Amino acid sequence: MEQKRYSEMSEWELKQEIATLTEKARKAEQMGMVNEYAVYERKIAMAKAYLLNPNDFQPGEFYEIEGDPQSLFKLQYMNGVFAWGYRLNDPNIEVALPISLLKKRG
């Protein structure tokens, strides 16, 4: 069976996928499989991004980064569910983050 892209999944399918990936991540973490755990965490973030509305994220705004509360992210532009911009502590390197990793400040 061919895996659907997250962009093709319904909200229900995305939530099922997130639950499955969360369980796999939990097992990988328990077994000390750090790399596998990190892969599942990234997949979860991607799936969650498709549950959000990209229009809720505005270029020029600053966001906190989930899992990295010391870093602020300045959003430059959107491309689908990816926010492109830079971390304030490293403004010379442009990065793309799934919008599920961004949190409004305040």
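Anything mentioned here points back to the structure above.
In every chain, residue numbers begin from 1 and rise along the written sequence. Whole-chain, interface and lining totals are the exception, using all residues; otherwise, since this is a predicted model, local features are given only for residues with pLDDT of at least 70 and side-chain atom pairs are given and counted only at 80 or more. Note: side-chain values were computed over all heavy atoms of the structure, leaving out hydrogens and water.

Attention now moves to the overall build of the protein chain. Comment: elements are numbered from the N terminus, with helices defined as DSSP H or I runs of at least four residues and strands as E runs of at least two. The secondary structure content of the protein chain amounts to two helices and five strands. Each helix and strand of the protein chain, ordered N terminal to C terminal, gives the series α-α-β-β-β-β-β. With the C-alpha coordinates of the protein chain rotated into their principal frame, the extents come out at 40 × 30 × 25 Å. Any two residues whose heavy atoms approach within 4.5 Å at even a single point are treated as in contact. Across the protein chain, the fraction of contacts at a sequence separation of at least 24, relative to all contacts at a separation of at least 6, is 38%. A 1.4 Å probe and the Shrake-Rupley method give the accessible areas. Residues count as covered only by the protein chains that appear here. For the protein chain, the exposed area adds up to about 7,300 Å²; of that, 49% sits on carbon and sulfur atoms. Two residue types count as positive, namely Lys and Arg, and two as negative, namely Asp and Glu; His and chain ends fall outside the count. Every charge is mapped to an atom, namely NZ of Lys, CZ of Arg, CG of Asp or CD of Glu. Distance between charge centres in the protein chain, computed from 14 positive and 16 negative side chains, equals 1 Å.

What follows deals with the layout of surface pockets. For the second largest pocket, the calculated volume is near 160 Å³. For the second largest pocket, the full set of lining residues is Glu41, Ile44, Ala45, Lys48, Glu66, Ser100 and Leu101. All amino acids are sorted into three groups, where Ala, Val, Leu, Ile, Met, Phe, Trp, Tyr, Cys and Pro are nonpolar, Asp, Glu, Lys and Arg are charged, and the leftover types, Gly among them, are polar. Its residues assigned to classes, the lining of the second largest pocket shows three nonpolar, one polar and three charged. Note that the domain bounds were set by an automatic or database domain assignment. Counting contributing residues per domain, the lining of the second largest pocket is built from domain 1 (6-50) and domain 2 (54-104), each supplying no fewer than three. Grid spacing is 1 Å over the protein atoms alone, the probe is 1.4 Å, and a cavity is where that probe fits but cannot get out, while a pocket is an open set with protein on both sides within 12 Å along at least five of seven lines and lining residues have an atom within 4 Å of a point. Grid points are joined across faces, edges and corners, and a volume is the space filled by probe spheres set on the points.

Direction of pairing for strand S2 (residues 68-79) relative to strand S3 (residues 82-87): antiparallel, over a ladder of six bridges. Counterpart to Phe73 in the pairing with S3 is Arg87. The antiparallel hairpin formed by S2 and S3 contains two residues in its connecting segment, where Gly80 sits at a positive phi of about 65 degrees. Once S3 ends, the chain turns through two residues before running back antiparallel as strand S4 (residues 90-98). For two strands to count as paired, DSSP must find a minimum of two bridges between them.

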